[in-house]
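For reference, the chains in residue letters:
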Amino acid sequence: MTAPARDLSASAKESGAPTQEGAPPPSMRLRELVFGAACAAAVRAAARLRVADALGDAPMTVESLASAVRTDPKPLRRLLRALSCYGVFAERPDGTFAHTDTSRLLREDDPHSLRYIALWCTEPWTWDAWPKLDEAVQSGRNVIEDLYGKEFFVYLNEDAPESADVFNRAMTTSSEQSAREVAALLDLSGSRSVADLGGGQGHVVASLLDKYPTMKGYLLDLPKVVEKALPRLREGGDLADRARIVPGDIREAVPVDADVYVIKNILEWDDESTARLLANVVAAGGPGARVVVIENLVDDSPSMRFSTAMDLLLLLNVGGAKHTTDSMVRRLTDAGLTVQDISPVNPYLHAFDCVVPA
């Protein structure tokens, strides 16, 4: 007796076979997702070993690479093979490995390097925090204080100085790469002064002072951060006569009167801290002051996977969050600001141009 014909598409769905050309079946996709930590760990290992720096323009054998980075060739081949599945390095038919556009970003000398970003997102504390995501989702608060008994940045600076250094380098990399784009976007014609709040080493304010040779600029951030401000902004630097460095916690006070305040990638704390900072800015600037907030958003489709992952990490470490366009507008208007324009800075950053109403 002949077996009844089956609907092959239904059979494929039941078995978990691919539903479109080249896509893994759902069962395999979920297996890959739950092994995501292996991928992150592999990227971290390659970054720490400086494999990308050792690999030049020409393909190399694993033995040569292993000698250059002082590892055993056999496990290095396994590491590179795993990474090549994600387009980080490419394994050639002859067994050598070559760079890809993605692996080049792990080189420290690449102009678009993400080496320190990759290290920051995989620092030791992250491996302690991620398994407690369910607790953070249930409570809505960070897990770092339960893990280490301290607020996140206090923990970094007091107990994990190497991780704090990675954080500062990652933020420097990010700022260097976006500062010129921010300066190109913003028209500050007619403004006499600009304050870069939480501006790290001062890449944004330096780029704006370059663009506007008669403008004065302020850099505000925590004392340990501004200690490492760009030499250009410090005494003896070419911008020192127009720049003032102001150490302090901007969540407590913004002690400068400027025409324009720039707030880039820092409104990710808990709601109370965000509200305090915005209130400080409104009070400092007064009616007519311009406030430009620059953030990447969780409803910005080109960077959704990255932004939503960072959103969860912020929940874990500081109890903060990335914003949607609507949630950012609400926070700004709740603080008494009028949002006049929203513009893309690049594929992953948006600028909210606001004014303190009269």
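See the structure above.
Residues numbered from 1 in each chain as written. Predicted model: local features only at pLDDT ≥ 70, side-chain atom pairs only at ≥ 80, totals over all residues. Heavy atoms only, no water.

1. Side note on a nonpolar patch on the surface
On the surface, Leu30, Leu33, Val34 and Phe35 cluster together into a nonpolar patch covering about 460 Å² of accessible area. Along the chain, Leu30 turns up in helix 2 (residues 26-34). The exposure class assigned to Leu30 is exposed, which follows from its relative accessible area of 52%. (Patch = residues over 30% accessible without salt bridge, like charges linked within 9 Å, V, L, I, M, F, W, Y side chains within 5 Å. Areas by Shrake-Rupley, 256 points an atom, 1.4 Å probe, with all protein chains shown as cover. Salt bridge = Lys/Arg side-chain N within 4 Å of Asp/Glu carboxyl O. Helix = DSSP H or I, 4+ residues; strand = E, 2+ residues; numbered from the N terminus. Buried < 20%, exposed > 50% of the residue type's maximum accessible area, 1.4 Å probe, protein only.)

2. Observations regarding the packing of aromatic side chains
Taken as a whole and judged by the stated rule, the model has 7 aromatic pairs. Note on Trp120 and Phe152: the rings are 6.1 Å apart at their centroids and 55 degrees apart in plane angle, and the pair reads as tilted. Residue Trp120 is found in helix 8 (residues 115-120), and its partner Phe152 is found in helix 12 (residues 152-159); the two are separated by 32 residues along the sequence. Taken individually, Trp120 and Phe152 each receive the classification buried, so the pair is uniform in this respect. An angle of 65 degrees between the planes, with centres 4.7 Å apart, marks the rings of Trp125 and Phe152 as edge-to-face. (Phe/Tyr/Trp six-rings, centres within 6.5 Å; stacked < 30°, edge-to-face > 60°.)

3. Examining the side chain of Lys264
Mapped onto the elements of the fold, Lys264 is located in strand 6 (residues 260-264). One buried charged residue, Lys264, remains without a salt bridge, the closest side chain of opposite sign being Asp196 at 8.0 Å. Among the polar contacts made by the side chain of Lys264, one reaches the side chain of Ser178 at a distance of 2.9 Å. Ignoring sequence-local partners within four residues, the contact set of Lys264 consists of Ser174, Ser175, Ser178, Val182, Leu197, Val204, Ile294 and Leu349. (Lys, Arg positive; Asp, Glu negative; His and termini not counted. Polar contact = N/O pair within 3.5 Å; in protein donor to acceptor, adjacent residues only side chain to side chain. Contact = heavy atoms within 4.5 Å.)

4. Side note on helix 5 (residues 62-69)
Since there are 3.6 residues in each turn of an α-helix, residues three or four apart along the chain are aligned in direction. Taken as a whole, helix 5 has its buried residues at Val62, Leu65, Ala66 and Val69. The arc that holds every buried residue of helix 5, seen down its axis, measures 100 degrees, which confines them to one face. Check the buried side of helix 5 and you find it contacts helix 3 (36-49), helix 4 (51-54), helix 6 (73-84) and strand 2 (97-98). The positive-phi residue at the C-terminal boundary of helix 5 is Arg70, with phi of around 60 degrees. (Arc of directions from axis to C-beta.)

5. Considerations on the pattern of salt bridges
Applying the stated rule across the entire model yields 23 salt bridges. Here Asp146 makes a salt bridge to Arg141, at a shortest N to O gap of 3.0 Å. Judged by its relative accessible area of 58%, Asp146 falls in the exposed class. One salt bridge connects Arg232 with Asp210, and the closest N-O pair in it is separated by 2.7 Å. With Arg232 in the loop between helix 15 (223-226) and strand 5 (243-247) and Asp210 in helix 14 (residues 203-211), this residue pair connects regions lying 22 residues apart in the sequence.

6. A word on the pairing of strand 3 (residues 193-197)
Burial of strand 3 is extensive: 5 of the 5 residues sit out of reach of the surface. Relative to strand 4 (residues 216-221), strand 3 runs parallel, the two being bridged by 5 bridges. By the bridge assignment, Ala195 is partnered in strand 4 with Tyr218. Handedness of the β-α-β unit built from strand 3, helix 14 and strand 4 comes out right-handed. (Pairing = 2+ DSSP bridges. Right-handed = clockwise from strand over helix to strand, strands pointing away.)

7. Considering the sheet that holds strand 5
The 7 strands are arranged 5-4-3-6-7-9-8 in an open sheet whose pairing can be described as mixed. Looking along the sheet, the strands with just one partner apiece sit at the ends: strand 5 and strand 8 (338-346). In this sheet, adjacent strand axes meet at a mean angle of 20 degrees when their direction is disregarded. Pairing of strand 8 with strand 9 (residues 349-355) involves 7 bridges; the strand directions are antiparallel. Bridge assignment links Thr338 to a residue of strand 9, and that residue is Val355. (Axes fitted to C-alpha atoms, helices over the stretch in contact; angles between N-to-C directions.)

8. A few points about the pairing of strand 7 (residues 290-295)
With respect to burial, strand 7 is a largely interior element, 6 of its 6 residues being buried. Where burial is concerned, the two faces of strand 7 agree: the one with Arg290, Val292 and Ile294 and the one with Val291, Val293 and Glu295 are both buried. The pairing of strand 6 with strand 7 spans 5 bridges and is classified as parallel. The residue of strand 7 that forms the bridge with Lys264 is Ile294. Considered for its hand, the β-α-β crossover made up of strand 6, helix 16 (residues 271-285) and strand 7 is right-handed. In this structure, strand 7 lies alongside strand 9, joined through 6 bridges in antiparallel fashion. In the sheet register, Val293 faces strand 9, and the bridge partner there is Phe352.

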